[in-house]
Amino acid sequence: MRFDLKKAVPGAAALALLFCCAQARAAQKSGLPEFSVSSGTALLPAVVSTGAVVGRGGNFSMPLPDGRTLWLLNNVWAGEVKADGQTPVWGIIDGAAAIAASTDPYSQAGDFRYVADENNWPLPLLSGDLKEYTQVRKFWPRSGLCAGGRCYVFYSIMNNFGPDPYDYFRVGQGLASSENPAGPYAKARRDGRYSLWNDIEPAFGSALWADEDGWVYVYGRASVSPGEYGAELARVKPEHLLAREKYEYYTAEGSSAAWTADVSEASEVLGDMPEEFSVSYNDYLKAYLAVYYEAGSGRVAARQAAAPWGPWGEPSVLLACAREEYCYGAKEQPGFAAEGGKKIFLTLEKKNAPYLYGVEFK
């Protein structure tokens, strides 16, 4: 779907708040049609050949031209299960990749094959070296796409500040690429650094969408005021993904909306966004669809807009989580959408493991 910024008509019908469960129904007055939600399916097996894997995050799927699916995974906790019952030896792989044999959403569960070393331990997707301060620095994949014979992965550069596994803060945002979906991936450099955007600039790559008009729209979570975060929007042609100077940023400053080369002029396009979310164009709904998890309410929500930059309607509830499920990181996996978007699939992490849900609009 194509948009001319000068002709785009602002305003989208407000969405009524929906209540849902495993078989949720939307009200007729909502911007969404009626829908049902399937029961969640565990995506990854509890035990792999190296042992139990007890924690994951940052799940993002990338359909490959050869009919397979590449998955980006953060914080993979893997351990060797000892035959004599002794305590396993655990290791944390900060950002890993797995490949499933098909792009069929129903075939994903249990079909993951980690990109692994000779001992069958998952390999870091974005391996570091001593110059990158690997003792305190992590590279966490966020999202990606394959275009023009290469695969691209946006990642956050995280620095350690404490002794616990999640004591990290973001110090920049980067992009890596490879001709082989399984890697190795080479990080793009800017002025000698691996960060295309620094710690006070938006975390571009939080979500992205490749439109049929030839643009890749890249969303980045950003601090909009003390303690409050929203998303800002950039766009770039696929062939220029690695070049920071080729990105344009959506701005609503001044008398009219426009695109600017100055990232400091970027405007918030989505309010109150978590670290992980998704944005896609849904042809069945004839709207852009943002999916994310509201930590405060424990709900998976969706919002619609007529253009990638909004304005966005009020959130509608797709799923609800109990407190003890420790939900996190809800997002749509657009590559699995069927029947022109009439049926979509989303992932949601529960107790550190990803589950796949189907949402079917009526």
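Refer to the structure presented above.
We now turn to the structure provided with this report. (Residues numbered from 1 in each chain as written. Predicted model: local features only at pLDDT ≥ 70, side-chain atom pairs only at ≥ 80, totals over all residues. Heavy atoms only, no water.)

## Quick notes on the overall build of the chain
Here is step 1 of the chain: Summing up its helical and strand segments, the chain has zero helices and 26 strands in all.
Here is step 2 of the chain: Taking all 362 residues of the chain together, 53% fall into the buried category.
Here is step 3 of the chain: Of all intrachain contacts in the chain linking residues separated by at least 6 positions in sequence, the fraction that spans at least 24 positions is 52%.
Here is step 4 of the chain: Split by element, the accessible area of the chain, about 16,300 Å² in all, is 51% carbon and sulfur. (Helix = DSSP H or I, 4+ residues; strand = E, 2+ residues; numbered from the N terminus. Buried < 20%, exposed > 50% of the residue type's maximum accessible area, 1.4 Å probe, protein only. Contact = heavy atoms within 4.5 Å. Areas by Shrake-Rupley, 256 points an atom, 1.4 Å probe, with all protein chains shown as cover.)

## Some details on the state of the cysteines
Here is step 1 of the chain: What the rule picks out here adds up to two disulfides.
Here is step 2 of the chain: The partner cysteine of cysteine 146 in its disulfide is cysteine 151, sulfur to sulfur 2.1 Å. Handedness of the cysteine 146-cysteine 151 disulfide follows from its S-S torsion of about 95 degrees: it is right-handed.
Here is step 3 of the chain: You can call cysteine 146 partly exposed: its relative accessible area is 25%.
Here is step 4 of the chain: Owing to a relative accessible area of 4%, cysteine 151 belongs among the buried residues under this scheme.
Here is step 5 of the chain: Each disulfide pairs two cysteine sulfurs, and for cysteine 321 the partner residue is cysteine 327, the sulfurs being separated by 2.1 Å. Negative torsions about the S-S bond denote left-handed disulfides, and the value of about -90 degrees found for cysteine 321 with cysteine 327 makes this one left-handed.
Here is step 6 of the chain: For cysteine 321, a relative accessible area of 14% puts it in the buried group.
Here is step 7 of the chain: Exposure remark for cysteine 327: the relative accessible area of 11% places this residue in the buried category.
Here is step 8 of the chain: Along the chain, the cysteines engaged in disulfide bonds are linked according to the scheme 1-2, 3-4 when indexed in sequence order. (Disulfide = S-S within 2.5 Å.)

## Examining the sheet that holds strand β21 (residues 287-294)
Here is step 1 of the chain: The four strands are arranged β20-β21-β22-β23 in an open sheet whose pairing can be described as antiparallel. Looking at which strands have only one partner, the edges of the open sheet turn out to be β20 (277-282) and β23 (316-320). Strand-to-strand, the axes of this sheet are offset by a mean angle of 25 degrees, without reference to chain direction.
Here is step 2 of the chain: Judged from the six bridges that link them, β20 and β21 form a sheet pairing that is antiparallel. The partner of phenylalanine 277 across the bridge, within β21, is tyrosine 292. (Pairing = 2+ DSSP bridges. Axes fitted to C-alpha atoms, helices over the stretch in contact; angles between N-to-C directions.)

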